[in-house]
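# Reading the structure
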Amino acid sequence: MKKIAFYDAKPYDKTWFNEYSREYGFELKYFENKLNADTAVMAGGCDGVCAFVNDTVDAETIDVLYQNGIRVLALRSAGYNNVDFKAAWDKIHILRVPAYSPYAVAEHAMALLLTLNRKIHHAYNRTREFNFSLSGLAGFDLHGKTAGVVGTGKIGQIFIDICKGFGMKILAYDLHPNEELGIEYVDFATLCRESDVISLHCPLTKETQHLINGGSISGMKDGVTLINTSRGALIDSEALVDGLKSGKIGAAGLDVYEEESELFFEDFSNTVVQDDVLARLISMPNVIITSHQAFLTREALQNIARVTLENLSAYFQDQPLFNEICYQCKSMPSCDKFHNKRCF
């Protein structure tokens, strides 16, 4: 039975991984610690590693894992911007879960939008104190408003469908437009200028880092609502604070944060958090921050566990690694693998 070092383990992870692990012939060794260069040595004696999106898989971590006999690392996430793929090349195979429930993330994005718009969070707190005043709770009709969707992959497409259900007009921006979707693509400046709501559904790359910055915010409609359920570093957090203070941004719903790696998924309720930007955002009445929970549905957790274990099973049984990714895969079409052969 192969032994897998499972980092950053949470109770909700264990439910489905425990359910499926023996079916796939794995023993899971759970660690609450995040994976990094200091904790990688804990994987010694294991056959593989399972990591999450906020673990640090840099060159130093990869070297320690490799020296301890690890040749495969399975990400239980779709995102992989935390991996140094060049350092992993020819050492450790990197596998991921490309999609577990795009519905979960898209629905959470709409939940943030609805909550912000109709002030549900404020109304909830008021009525718990038997305050039934409606003052300050007015929102706006989504019907007829323009939703600017940045990124039109599976999650973006589902969010577009949800917005259409509310009768919203759709504008889309993507570095690689999919003309078969039958939606209106515009340049990013136009999307910012004409959208009442902007929702981010694109990956974090060199091209998209700080896509939302002081310049792009200045070109937005006054009072725009900004939603981010993708990656925190798509937004320059200090520029976001300035936009909220000036009123240029009317509201922000964030499930991710630029500096979340040392904070999210942990309990700091009895700690003075040292991140002043995050503290300011949380204190604002027109901001809702959730702790990277958009993926968190029963269906998604079940899919994550099964696909992660299928990926590992395929590796150990010398089968094709359909969900492997490397630095050459990221620069298609130079990669000749096309996800049906191993990267090396």
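Residues numbered from 1 in each chain as written. Predicted model: local features only at pLDDT ≥ 70, side-chain atom pairs only at ≥ 80, totals over all residues. Heavy atoms only, no water.

Counting secondary structure elements, the protein contains eleven helices and eleven strands. Relative to a compact globule of 344 residues, whose C-alpha radius of gyration would be 20 Å, the protein shows 21 Å and is just as compact. In terms of its C-alpha atoms, the protein occupies a principal-axis envelope of roughly 60 × 50 × 35 Å. In the protein, which comprises 344 residues, the proportion classed as buried is 50%. If you take every contact in the protein between residues at least 6 apart in sequence, the share linking residues at least 24 apart comes to 66%. As displayed, the protein offers around 16500 Å² of accessible surface, 49% of which is attributable to carbon and sulfur atoms. When the 33 positive and 44 negative side-chain charges of the protein are each reduced to one mean point, those points stand 3 Å apart. (Helix = DSSP H or I, 4+ residues; strand = E, 2+ residues; numbered from the N terminus. Rg over C-alpha atoms; globule rule 2.2 N^0.38 Å. Buried < 20%, exposed > 50% of the residue type's maximum accessible area, 1.4 Å probe, protein only. Contact = heavy atoms within 4.5 Å. Areas by Shrake-Rupley, 256 points an atom, 1.4 Å probe, with all protein chains shown as cover. Lys, Arg positive; Asp, Glu negative; His and termini not counted. Charge placed at Lys NZ, Arg CZ, Asp CG, Glu CD.)

Here the UniProt-annotated "domain: D-isomer specific 2-hydroxyacid dehydrogenase catalytic" (unreviewed entry) positions come out as residues 5-323. Along residues 5-323 the backbone is 35% helical and 14% strand, and the end-to-end C-alpha distance reaches 19 Å. (UniProt positions renumbered as here; feature names shortened; annotations may be inferred.)

If you trace the backbone, Thr 308 turns up in helix α11 (residues 298-316). Judged by its relative accessible area of 1%, Thr 308 falls in the buried class. For Thr 308, the residues in contact, after removing those within four places along its chain, are Phe 17, Cys 50, Ala 74, Leu 75, Arg 76 and Val 97.

Note on sheets: strands pair through backbone hydrogen bonds, and any given pair is parallel or antiparallel. Read from one edge to the other, the open sheet built from five strands follows the order β2-β1-β3-β4-β5, with strand pairing classed as parallel. This sheet does not close on itself; its edge strands, each paired only once, are β2 (26-30) and β5 (93-95). The mean angle between the axes of side-by-side strands here comes to 25°, regardless of whether they run parallel or antiparallel. One ladder, built from three bridges, connects strand β4 (residues 72-75) with β5; its direction is parallel. Each residue of the ladder has a partner; that of Val 72, found in β5, is His 93. The strands touched by helix α1 (residues 11-21) are β1 (2-6) and β2; relative to β2, the strand with the most contacts, the crossing angle is about 155°. In the packing of α11 onto the sheet, contacts are made with β1, β2, β3 (48-51), β4 and β5, and the angle to β4 comes to roughly 160°. (Pairing = 2+ DSSP bridges. Axes fitted to C-alpha atoms, helices over the stretch in contact; angles between N-to-C directions.)

The computed volume of the second largest pocket comes to approximately 310 Å³. Taken together, 18 residues form the lining of the second largest pocket, with Asn 54, Asn 81, Glu 258, Glu 260 and Ser 261 sitting closest to its centre. Partitioning the lining of the second largest pocket into residue classes produces six nonpolar, seven polar and five charged. When residues are assigned to domains, the lining of the second largest pocket turns out to be shared by domain 1 (2-100 + 297-317) and domain 2 (102-289), each giving three or more. (1 Å grid on protein atoms, 1.4 Å probe; cavity = no way out; pocket = protein on both sides within 12 Å on 5 of 7 lines; lining within 4 Å. Points joined across faces, edges and corners; volume = space filled by probe spheres on them. Nonpolar A, V, L, I, M, F, W, Y, C, P; charged D, E, K, R; others polar. Domains from an automatic or database assignment.)

Attention now goes to the packing of α1 against α11. Interhelical geometry of α1 versus α11 gives an angle of 50° and a closest axis separation of 9 Å. Our classification of the angle between α1 and α11 gives oblique. Both α1 and α11 take part in a crossing whose hand is right-handed. The segment α1 lies against α11, with Tyr 12, Trp 16, Phe 17, Tyr 20 and Ser 21 engaging Arg 298, Leu 301, Gln 302, Ile 304, Ala 305, Arg 306, Thr 308 and Leu 309. Among the residues forming the contact of α1 with α11, the class breakdown is eight nonpolar, three polar and two charged. (Parallel < 35°, antiparallel > 145°, perpendicular 65-115°, else oblique. Left-handed = near helix turned anticlockwise from the far one by under 90°.)

So, on to the domain arrangement of the protein. Taken as a whole, the protein is organised into domain 1 (2-100 + 297-317) and domain 2 (102-289). Between the C-alpha centres of domain 1 and domain 2 the distance comes to 30 Å. Contacts between domain 1 and domain 2 engage twelve residues on the former and ten residues on the latter. Between domain 1 and domain 2 the total buried area reaches about 930 Å² when both faces are included, carbon and sulfur atoms providing 54% of it. (Buried area = accessible area lost by both parts, 1.4 Å probe.)

In this numbering, the UniProt entry assigns the feature "domain: D-isomer specific 2-hydroxyacid dehydrogenase NAD-binding" (unreviewed entry) to residues 110-294. End C-alpha atoms of residues 110-294 are separated by 10 Å, and the span's content is 32% helix alongside 15% strand.

Our focus in this paragraph is the pattern of salt bridges. Inspection of every chain in the model, using the stated rule, returns nine salt bridges. One salt bridge connects Glu 23 with Arg 306, and the closest N-O pair in it is separated by 3.4 Å. Taken as a pair, Glu 23 in the loop between α1 and β2 and Arg 306 in helix α11 lie far apart in primary sequence, 283 residues in all. For Arg 306, a relative accessible area of 27% puts it in the partly exposed group. Note that Glu 266 and Lys 34 form a salt bridge whose closest N and O atoms lie 3.3 Å from each other. Residue Glu 266 is located in the loop between β10 (249-254) and α10 (276-283), and its partner Lys 34 is located in the loop between β2 and β3; the two are separated by 232 residues in the primary sequence. (Salt bridge = Lys/Arg side-chain N within 4 Å of Asp/Glu carboxyl O.)

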